[in-house]
Amino acid sequence: MATTSTTGSTLLQPLSNAVQLPIDQEHESPLREPCCGRLLSIRKVNFVVCQLFALLAAIWFRTYLHSSKTSSFIRHIVATLLGLYLAFFCFGWYALHFLVQSGISYCIMIIIGVESMHKYCFVFALGYLTVCQITRVYIFDYGQYSADFSGPMMIITQKITSLAYEIHDGMFRKDEELTPSQRGLAVRRMPSPLEYVSYTCNFMGILAGPLCSYKDYIIFIEGKPYHMTQSGANGKEEVHYERTEPSPNTAVIQKLLVCGLSLLLHLTVSNTLPVEYNIDEHFQATASWPTKVTYLYVSLLAARPKYYFAWTLADAINNAAGFGFRGYDRNGAARWDLISNLRIQQIEMSTSFKMFLDNWNIQTALWLKRVCYERASFSPTIQTFFLSAIWHGVYPGYYLTFLTGVLMTLAARTMRKNFRHHFMEPSQLKLFYDVITWVVTQIAISYTVVPFVLLSIKPSFMFYSSWYYCLHICGILVLLLLPVKKIQRGENMLEKIQLSRSKKFDERENSLGQNSFSTTNNICNQDQDIASRHSSLKQ
């Protein structure tokens, strides 16, 4: 495997030297050694090459180890071994943390039992991740968060905690106590050690995720049949019939094209528009307010393609292996967005803070909702943002971003409930409202995430002070001066729709005999579609 150290394999060092990858501006520091730049470059090269290898392995996996040709045992073994190989290639012996975290969490599940294991697994997995992040940041390499071993650990932590809650829901709680989505994702038996490590460390998601539910992963490995639902002749009766597995080739090609464009933008535009320039003394002293606002938006816009590249490539890898199929739409077209992590068009056209967050890092948002927001006994929004900050890492900038995010979310929600209904008619007024809310949302998002990029307290406060904390002040004034309006009718309607559709899916599950995606994915699809429509009504 070539010489491997704590920073991973150096086999690709010649390629790294030849490519000369640009170093992210946020990682440059006069305190760092010149070799750190080269180290960052080889880490990036290792990551990209391993993901490309995973893409080829995924095609091979689907072609030669398809569920119709081999047993689920072999598929689990191969997926796990390939995943561990990629982890050791990229991160060296630090990859052992993946096995230690997963192994101890599995022991906790077995020893503690289904009644309380979800709490212990949550505390241990998140605590272990935090300790690793503290050690890496404050002992070894402050400012180095790109392509390090804690990235995969973040995804593994999501999987460990999600599965623990799903087993608790499925094996301890009563069905009537569960929400429709919890009922659909509930796991009814304890996974074997092989199934567990395959789920947490498979080659399709070991480096960049995305998170998927355990139930969906097992369905993929075991190769359950796909079903399509179509209206009957009378327009009411539903007909279920089995379909052959669709080809993911078109979806994979489309996502690889997005990856190529995103990588091109990252290597060209991103480094010419550094976020740090927002706190440059000369820029702050000479630039007009329109210029500051414009550059803030453009610089944060230019910082997003690297995330688009990494997440879309990860999605394409899973699709190439045959994983990520959501089902068929009403027209019979296959949908390969079951575990997609972002919707670029919706992100860039967001007209509310919530709309942006719902389409950015989608699987993490669902994880936060399932393990925190839905289960929080008080202040679910604040608890969810706080958990998100802890999960992301220990840089002070993360906490400053998420604290600001809580304020912006609550203020935006209050504004929307107080004013949006005045702008629904006529269409010209609605268009004006959409344009204004798009501008405000993009500026607010950019303003909020600057500390997330700058990482440290001092530059973050330099930025906010240069803006006179204006959006913080506006948010506080909104919450103090505007009445808090509760739209109970809409929320009750949403709950009734979810419950009625849940009953339909439960009946469908019984009739189809636990077929693939019959409950889990359909309920999640409906939840997301309902939530999306409900969100658009509240914007």
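Here's what I pulled together on the structure shown here.

Conventions and cut-offs
Residues numbered from 1 in each chain as written. Predicted model: local features only at pLDDT ≥ 70, side-chain atom pairs only at ≥ 80, totals over all residues. Heavy atoms only, no water. Phe/Tyr/Trp six-rings, centres within 6.5 Å; stacked < 30°, edge-to-face > 60°. Helix = DSSP H or I, 4+ residues; strand = E, 2+ residues; numbered from the N terminus. Buried < 20%, exposed > 50% of the residue type's maximum accessible area, 1.4 Å probe, protein only. Salt bridge = Lys/Arg side-chain N within 4 Å of Asp/Glu carboxyl O. Core = buried A, V, L, I, M, F, W, Y, C linked by side-chain atoms within 4.5 Å. Contact = heavy atoms within 4.5 Å. Patch = residues over 30% accessible without salt bridge, like charges linked within 9 Å, V, L, I, M, F, W, Y side chains within 5 Å. Areas by Shrake-Rupley, 256 points an atom, 1.4 Å probe, with all protein chains shown as cover. Axes fitted to C-alpha atoms, helices over the stretch in contact; angles between N-to-C directions. Parallel < 35°, antiparallel > 145°, perpendicular 65-115°, else oblique. Left-handed = near helix turned anticlockwise from the far one by under 90°.

Turning our attention to the packing of aromatic side chains. Tallied over the entire structure, the rule returns 40 aromatic pairs. Relative to Tyr468, the ring of Trp289 lies with its centre 6.3 Å away and its plane at 40°, an arrangement referred to as tilted. Taken together, the residues span a long stretch of sequence, with Trp289 in helix α12 (residues 289–302) and Tyr468 in the loop between α20 (457–466) and α21 (470–481) at a distance of 179 residues. Between the aromatic rings of Phe402 and Phe452, the centroid separation amounts to 6.3 Å while the plane-to-plane angle is 85°, which identifies the pairing as edge-to-face. Of this pair, Phe402 sits in helix α18 (residues 396–419) while Phe452 sits in helix α19 (residues 427–454), and the two are 50 residues apart along the sequence. Accessibility classification places Phe402 together with Phe452 in one group, the buried group.

The next subject is the pattern of salt bridges. Inspection of the entire model under this criterion finds eleven salt bridges. Between Asp358 and Lys354 there is a salt bridge, and its shortest N-O distance comes to 2.5 Å. Residue Asp358 and its partner Lys354 are located together in helix α15 (residues 353–359), separated by four residues, close to a single helical turn. Exposure remark for Lys354: the relative accessible area of 28% places this residue in the partly exposed category. In this structure, the salt-bridge partner of Lys430 is Asp434, at a minimum N-O distance of 2.7 Å. With a gap of four residues between them, Lys430 and Asp434 both fall in helix α19, about one helical turn apart.

Moving on, we get to the nonpolar core. Among the nonpolar cores identified, the biggest contains 81 residues, and Phe98, Phe203 and Tyr217 are the most heavily contacted of them. At ten residues, the largest contribution of residues to this core is made by helix α3 (residues 72–91). Residues within four places of Tyr217 in sequence aside, it is in contact with His76, Ala79, Ser198, Tyr199, Asn202, Met204, Cys212 and Phe323. With 24 residues, the next largest nonpolar core counts Phe353, Phe356, Trp360 and Met408 among its residues.

Another point: a nonpolar patch on the surface. Among the surface-exposed residues, Ile457, Phe461, Tyr469, Ile473, Ile476, Leu477, Leu480 and Leu481 lie close enough to one another that they form a single nonpolar patch of about 760 Å² accessible area. Residue assignment for the nonpolar patch shows that the elements contributing at least two residues are α20 and α21. For the nonpolar patch, the element with the most residues is α21, which contributes five residues. Residue placement: Ile457 occurs in helix α20.

This part covers unusual backbone geometry. Omega for the bond connecting Gly209 with Pro210 falls within 30 degrees of zero, at 0°, which places this linkage in the cis form. Inspection of the secondary structure puts Pro210 in the loop between α8 (193–201) and α9 (214–222). With an omega dihedral of -5°, the bond running from Glu425 to Pro426 counts as a cis peptide bond. Inspection of the secondary structure assignment puts Pro426 in the loop between α18 and α19. Here Asn361, not a glycine, exhibits a phi torsion of approximately 50°, which is positive. In this fold, Asn361 is placed in the loop between α15 and α16 (362–371). On the accessibility criterion, Asn361 (11% relative accessible area) is buried.

Let's shift gears to the packing of α12 against α19. As a packed pair, α12 and α19 sit with axes 9 Å apart at the nearest point and diverge in direction by 70°. Viewed along their axes, α12 and α19 adopt a mutual orientation that is roughly perpendicular. Once α12 is placed against α19, the crossing between them reads as left-handed. Packed against α12, whose contacting residues are Val293, Leu296, Tyr297 and Leu300, the element α19 presents Trp438, Gln442, Ile443, Ser446, Tyr447, Val449, Val450 and Val453 at the interface.

Here the focus is α8. α8 sits mainly inside the fold: seven of its nine residues count as buried. Turning to α8, its buried residues are Glu195, Tyr196, Val197, Ser198, Tyr199, Thr200 and Cys201. Its buried side turned inward, α8 meets α3, α4 (96–112), α6 (150–171) and α9.

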